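Here's the letter readout for the chains.
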Amino acid sequence: MLDLNKAKALEIRVAGFGGQGIIRCGYIIGRAATLYGSKSAAQSQAYGPESRGGACSTGVIIKDGFVDYPLVRHPKVMIIMSQEAYNTFHLQLAKGGIIIADKDLVEPAEGDQPVILVPATRMAEHLGRKVVANIILLGVFSAVTGFIDEQAIRKSISDSVPPGTVDVNIKAFDLGLEYVRECGIEWEEAGGTIKQDRKKDKEKKKPGTAGKAVSKTAAVRPKRKRVVPQKTGDKKKKQAETGDKKTEKGSYE
Amino acid sequence: MAVSLLNNRGILTGSHFVNGDIACAEGAIAGGCRFFAGYPITPSTEIAERLARRFGQVGGKFLQMEDEIASITCILGASWAGQRVMTATSGPGFSLMMEGIGLAIMTETPCVIVDVQRAGPSTGLPTLVAQQDMMQVRWGSHGDYEIIAYCPATVQEMFDYTYKAFNMAEIYRVPVFIMADEVVGHLTEKLIIPSEEDLLLEHRKKPVVEPRGSYCPYEPDEDLVPPMAVAGEGYRIHVTGLTHDERGYPVIKEDAHQALVRRLVKKIRKNVNDIIEYEEYYIDDAEILVISYGISARSSLRAVNEAREEGIKAGMLRLITAWPFPEKRVRELARKVRAVIVPEINLGQMVREVERCVNTGIPVHSLTHAGGGIHRPLQILDRIREEAYHTAR
């Protein structure tokens, strides 16, 4: 008998290109919630015929009881790893939801959607494995939302990634957690906004600390902030390309 | 992914987070399947992949055939050699299998056929969902017959009913179908493997007479199912798709045909109470009845839940066996409710069966979908609201 329940479902969407570990990222979330948590989860997926490079997305629904309708329609949280995916999905975000995106791959549209931009692919490159960018974003997801127990996700990562890569993946996950702590990112679920602790921001500006690189590359878009797209975008990119790389390399290793 | 936690029979144990196709493959292994012949086709490919990998661990035989016609006839041969057999396909392959399915019915060969449905006609939408083979599974092969077809709605049911299908095929000597769909096949959910005591195997009846004695391969017992000797045991058997007598010899005569075809149909029909499975939700005081199955039942359940929250007395009948159809129960419910809604991902297939059974004059609404997606709960809820409004007294 399918269980009848009125529990509220949490919908999550992970989207990007094939080959970025999009499906795996959703799988890890679902596995953590079901096998290492006491919840039900249903993960669905859609991808193009190519195994790499094509558009790719997965939806995960997490609930305290049986998940009846299994497809994600209005996710509370989105993890986005390509501009195409952002364009396709960002308007589906639920009220009060947040988008966590790769800073170098996604240029968010103007508007008041809360977006946490994380230079995940770049951070992953510093770890020596570009493919763990998804796990860094998973760490950010875990720290910002707290929906799923951190240890559960760790266990789920350990048995979902190829043998021999567990360490680097756990490291990537920790990096995501650390990133949120250092930038002081907080999500106010009720109001659907993101707060960034300014004090912590200042601290990170002390020269020579690990935080410095993070604060420069972190761009947490505050609510209602309008950005002139071309100019600021270029500026940010330049900053990231020139000044940051040195310090980042030192700090992430 | 490493397969761990196997018991001494090679059956997976414990809890897993896997997709429906993998659950189906594991259900087959738990159901004693050790022979698979197939031609991989989206969205059923993962079943073949999983079995190809797992059969090495449990001593099974996996054959990739040149097409689906070869696949179905290959498993029939293996069944006559004593194996519990399966093939898996999707719409286009299912169409090709129709001739072999008729042969399986006529020769009373136990086998399990999985159809992970995708949208047609023809190659249609290879990667997207539909429930468009529901009538094909019932009537697709020529001639009159009865089969058993399950419609799993969850990953857990993909395991449970694939396992069960093998027992039913052995008991009734009939092809048993798993009518899954792309969403259930590719959906990843928690699967809990039942304990070993709950995974018992039923075996086909063996002849009680000596091989050299008076064995008649098609002489039925009281339950209308004949005991089955298999190749290599010394019994003389003749397996033919032609109308045959109890000895298995072709007899091209009216009375032989009457006796044979009526028995093939009756062996299922007289046991419908043991075969038919369905579930009911909020049925006691229901005024608007939703009848659904497979993945559509999950959208329907949400809609019915929401209707109840709005104070509408909606209820649901979920078909687990589409065939045999729970005719008696639908007739009973038709006398209690004011309207029936049938959401399904086709342009109206099982609704015909519902209409046939609902003869009380109440409206029966077909809520159709051409395929490529599943009903949104709101679509079903809207129809429930409409019916509640129009039939209010």
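Residues numbered from 1 in each chain as written. Chains lettered and ligands numbered in written order. Predicted model: local features only at pLDDT ≥ 70, side-chain atom pairs only at ≥ 80, totals over all residues.

1. Quick notes on the overall build of chain B
To keep it simple, the criterion reads: Only runs of H or I of at least four residues qualify as helices and only runs of E of at least two qualify as strands under DSSP, and these elements are numbered from the N terminus. Note on method: radius of gyration uses C-alpha positions; expected globular size equals 2.2 Å times residues raised to 0.38. In this scheme the burial state of a residue depends on its C-beta neighbours within 10 Å: 20 or more other such atoms mean buried, 12 or fewer mean exposed, and anything in between means partly exposed; the C-beta positions come from the backbone.
When you go through chain B residue by residue, the secondary structure sums to 13 helices and 15 strands. Taking 21 Å as the expected radius of gyration for a compact globule of 393 residues, we find that chain B reaches 21 Å, a close match to that expectation. If you line up chain B on its principal axes, its C-alpha atoms span 70 × 55 × 40 Å. Per-residue burial over chain B gives 52% buried out of 393 residues.

2. Let's talk about the pairing of strand 11 (residues 288-293) of chain B
Residue and element names in this part refer to chain B. Applicable threshold: Note on handedness: a clockwise path from strand one over the helix to strand two, with the strands aimed away from the viewer, defines a right-handed crossover. At least two DSSP bridges between two strands are required for those strands to pair.
Counting buried positions over the 6 residues of strand 11 gives 6, a clear majority of the element. Here strand 11 shows two buried faces, one formed by Ile288, Val290 and Ser292 and the other by Leu289, Ile291 and Tyr293. Chirality of the crossover, the property in question, places the unit of strand 11, helix 10 (residues 296-309) and strand 12 (residues 314-319) among those that are right-handed. Alignment of strand 11 against strand 14 (residues 339-343), held across 3 bridges, turns out to be parallel. The residue bridging Val290 from the neighbouring strand is Ile341, located in strand 14.

3. Considering helix 5 (residues 150-158) of chain A
All names here are of chain A. Put simply, the rule reads: By definition, the arc is the one covered by directions from the helix axis to the C-beta atoms. Placing a C-beta atom from the backbone of each residue, one calls two residues in contact when those atoms lie within 7 Å.
Of the residues making up helix 5, those classed as buried are Ala152, Ile153, Ser156 and Ile157. In an axial view of helix 5, the angular spread of the buried residues amounts to 135 degrees, which keeps them on one side of the axis. Buried-residue contacts for helix 5 involve helix 1 (22-35), helix 4 (133-145) and helix 6 (166-183).

4. Here we look at the interface of chain A and chain B
Just so we agree on the cut-off: Think of it as three bins: nonpolar holds Ala, Val, Leu, Ile, Met, Phe, Trp, Tyr, Cys and Pro, charged holds Asp, Glu, Lys and Arg, and polar takes everything else, Gly as well.
Taken together, the 19 residues of chain A in the interface contact 17 residues of chain B. When contributions to the side of chain A that touches chain B are tallied by element, the ones reaching two or more residues are helix 1 and strand 2 (40-47) of chain A. At 6 residues, strand 2 of chain A tops the list of elements feeding residues into the side of chain A that touches chain B. The residue makeup of the side of chain A that touches chain B, split by class, is 10 nonpolar, 6 polar and 3 charged.

5. Observations concerning the domain arrangement of chain B
Residues and elements named next belong to chain B. We count it as follows: Domain delimitation in this document rests on an assignment produced automatically or drawn from a domain database.
On domain assignment, one finds that chain B holds domain 1 (15-194) and domain 2 (278-391). Inter-centroid distance (C-alpha atoms) of domain 1 to domain 2 is 27 Å. The interface of domain 1 with domain 2 comprises 23 residues on the first partner and 21 residues on the second. Looking at the side of domain 1 that touches domain 2, the elements with two or more residues in it are strand 6 (125-129), helix 5 (134-139), strand 7 (148-150), strand 8 (175-181) and helix 7 (182-186). Each residue belonging to the side of domain 1 that touches domain 2 can be placed in one class, and the counts come to 18 nonpolar, 2 polar and 3 charged.

6. Considering the nonpolar core
Nonpolar side chains in soluble globular proteins tend to end up buried together. Cut-off, in case you're wondering: We define the nonpolar core as any set of buried residues of the types Ala, Val, Leu, Ile, Met, Phe, Trp, Tyr and Cys, connected via C-beta atoms lying within 7 Å of each other.
Grouped together as the largest cluster of nonpolar side chains are 176 residues, with contacts concentrated most on Ile100 and Ile136 of chain A. Looking at which domains feed residues into this core, each of domain 1 (15-194) and domain 2 (278-391) of chain B gives three or more. The contact partners of Ile100 of chain A, leaving out residues within four places of it in the chain, are Val77, Met78, Ile79, Ile116, Val118, Leu137, Val140, Phe141 and Val144 of chain A.

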